[in-house]
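Here's the letter readout for the chains.
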Amino acid sequence: MDEKRRQLLTGISLAGAGVLVSACRNSPNQTGGATNDQNKNEGPPAPGEAEPIEVTATEDLMREHGILRRALLVYQESATKLRQDAASVPPDALEKTANLFRVFGEEYHEKKLEEIYIFPTVKRVPGAAAGYVDILLAQHARGREITEYLLSVSKADRIASNSVEPLAKTLESFVRMYEHHAAIEDTLVFPAWKAAVGGAELDELGEKFEEIEHEQFGGDGFETALKRMEEIETSLGLSNLDMFTSPPPPGAK
Ligand SMILES: [Fe+2]
Ligand SMILES: [Fe+2]
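Position numbers for residues count from 1 along each chain, tracking the sequence in the order it is written. Naming scheme: in the order in which they are written, chains are lettered from A and ligands are numbered from 1. For this predicted model, a pLDDT threshold of at least 70 governs which residues receive local features, and a threshold of 80 or more governs which side-chain atom pairs are given and counted, while totals over whole chains, interfaces and linings are taken from all residues. Note that the side-chain values use all heavy atoms of the structure and ignore hydrogens as well as water.

**Let's talk about the overall build of the chain**
So, step 1. Strands are runs of DSSP state E lasting at least two residues, helices are runs of H or I lasting at least four, and both sets are numbered from the N terminus onward. Scanning the chain from N- to C-terminus turns up 9 helices and 0 strands.
So, step 2. When the helices and strands of the chain are listed from N to C terminus, the series reads α-α-α-α-α-α-α-α-α.
So, step 3. For the chain, with 253 residues in total, the buried portion stands at 44%.
So, step 4. Working rule for contacts: check all heavy atoms of both residues, and any pair within 4.5 Å makes them a contact. For the chain, restricting intrachain contacts to residue pairs at least 6 apart in sequence, the fraction spanning at least 24 positions comes to 77%.
So, step 5. Only the protein chains shown count as cover for residues, and the accessible areas themselves come from Shrake-Rupley with a 1.4 Å probe. Accessible area of the chain: about 13,200 Å², with a carbon and sulfur share of 54%. Exposure classes here rest on a 1.4 Å probe applied to the protein chains alone. A residue is buried below 20% of its type maximum, exposed above 50%, and partly exposed in between.

What follows is the structure in structure tokens.
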């Protein structure tokens, strides 16, 4: 099955999500605030409307990591459940998550932003961040191999019993790699890029990123990906943040 068809069947083709995007565009988000598109609208606010909030280029990149971290949580929880009871992990939820990672993470965030705009600039500037670029690129490539594997394993109606342990191990090692990958980008690479490009160019690039996002997704890719991620979390019973609150430490009263 080719990738486009798979994306359509699993409902995760963000590129074809224009209808969903326009449905989201004019409604308040779940926290009751303005939607991202409203935030990004240009021009003065109508009387009684709040002032739009700018999303800077680095904030944009970091909140994209937020979407990807939520996908990593699905992977981590799936690995744990696979070992307890493989039948309790619905392959289509895993497939939807891998497809979202591919379309939003790999094809857009990594290939269209980091590899074209961020890494080449950071590599030219002397400093600690430059030394990470080759490793980050190798991890993008490894991630794509893993996504391909996840898509192939999850396309069946059930996870084959001989795939359970290799799949759980692969999910865990991917989570470990990408959590650290995103943390290095957030704390070293993006700040180095921001310092290298400076204020005026940063604003221009912020607008450029927004254009790329609209070109790629036919609308607001972040809002669409967020909605998809929330649907996946709900389908897996992972949408209640409080269930992840740690128990008290030993000896606590
Ligand atoms: Fe990256
Ligand atoms: Fe990234």
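**Re a negative patch on the surface**
So, step 1. Grouping into patches uses exposed residues only, defined as over 30% relative accessible area, and leaves out salt-bridged ones; the cut-off is 9 Å for like charges and 5 Å for nonpolar side chains (Val, Leu, Ile, Met, Phe, Trp, Tyr). By salt bridge we mean one thing: a side-chain nitrogen of Lys or Arg within 4 Å of a carboxyl oxygen of Asp or Glu. Counted as positive: Lys and Arg. Counted as negative: Asp and Glu. His and the chain ends are not counted at all. Where a charge lies is defined by one atom per residue type, namely NZ (Lys), CZ (Arg), CG (Asp) and CD (Glu). Together, Glu 54, Glu 201, Asp 203, Glu 204 and Glu 207 make up a negatively charged patch on the protein surface.
So, step 2. In this structure, Glu 201 sits in helix α8 (residues 199-217).

**What about the nonpolar core?**
So, step 1. Of all hydrophobic cores here, the largest spans 56 residues; its most connected members are Tyr 75, Ile 118, Val 189, Trp 193 and Phe 209.
So, step 2. Elements that contribute at least two residues to this core include exactly α4 (57-84), α5 (91-124), α6 (133-154), α7 (164-197), α8 and α9 (221-235).
So, step 3. With 13 residues, the top contributor of residues to this core is α7.
So, step 4. In this structure, Phe 209 is in contact with Ala 57, Leu 61, Tyr 108, Leu 113, Tyr 117, Ile 118 and Trp 193, ignoring residues within four places of it in sequence. Take the buried residues of types Ala, Val, Leu, Ile, Met, Phe, Trp, Tyr and Cys, join any two whose side-chain atoms come within 4.5 Å, and each joined set is a nonpolar core.

**Details of the coordination of the iron ion (ligand 2)**
So, step 1. Water is not part of the atom set, so a site may look incomplete; the donors themselves are N, O and S atoms within 2.8 Å of the metal, or 3.2 Å for Na, K and Ca. Looking at the iron ion (ligand 2), the protein donor atoms are His 65 (NE2), His 109 (NE2), Glu 114 (OE) and Glu 185 (OE), and they sit 1.9 to 2.1 Å from it.
So, step 2. The geometry test gives tetrahedral to four donors whose angles all lie between 85 and 135 degrees, gives square planar to four donors and octahedral to six donors whose opposite members are over 155 degrees apart with all other angles between 65 and 115, and gives irregular to the rest. Each of the 4 donor atoms around the iron ion (ligand 2) contributes to a set of angles spanning 81 to 164 degrees, which defines the coordination as irregular.
So, step 3. In primary sequence terms, the donor set of the iron ion (ligand 2) follows H-x43-H-x4-E-x70-E.
So, step 4. The metal-metal distance between the iron ion (ligand 2) and the iron ion (ligand 1) is 3.3 Å, with Glu 114 coordinating both. One end of the pair, His 109, is in helix α5; the other, Glu 185, is in helix α7, and 76 residues separate them in sequence. With respect to burial, His 109 and Glu 185 carry one shared label: buried.

**Structural notes on the pattern of salt bridges**
So, step 1. Under the defined criterion, the tally for this structure stands at 17 salt bridges.
So, step 2. The shortest N-O distance in the salt bridge between Arg 69 and Asp 186 comes to 3.1 Å. Within this pair, whereas Arg 69 is found in helix α4, its partner Asp 186 is found in helix α7, the two being separated by 117 residues in sequence.
So, step 3. When its relative accessible area of 27% is taken as the criterion, Arg 69 is described as partly exposed.
So, step 4. Notably, a salt bridge pairs Glu 165 with Arg 83, separated by 2.9 Å at the nearest N-O pair.

**Comments concerning the coordination of the iron ion (ligand 1)**
A metal bound by six donors in octahedral fashion has ideal angles of 90 or 180 degrees, whereas one bound by four tetrahedral donors has an ideal angle of 109.5 degrees.
So, step 1. Around the iron ion (ligand 1), the protein supplies Glu 114 (OE), His 140 (NE2), His 181 (NE2) and Glu 185 (OE) as donor atoms, at distances of 2.0 to 2.2 Å.
So, step 2. Metal-centred angles of 82 to 179 degrees between the 4 donor atoms at the iron ion (ligand 1) mark the site as irregular.
So, step 3. All donor residues of the iron ion (ligand 1) come from one chain, and their arrangement in sequence is E-x25-H-x40-H-x3-E.
So, step 4. Relative accessible area serves as the criterion here: at 0%, Glu 114 is assigned to the buried category.
So, step 5. Accessibility expressed as a relative area gives 1% for His 181, which makes it buried.

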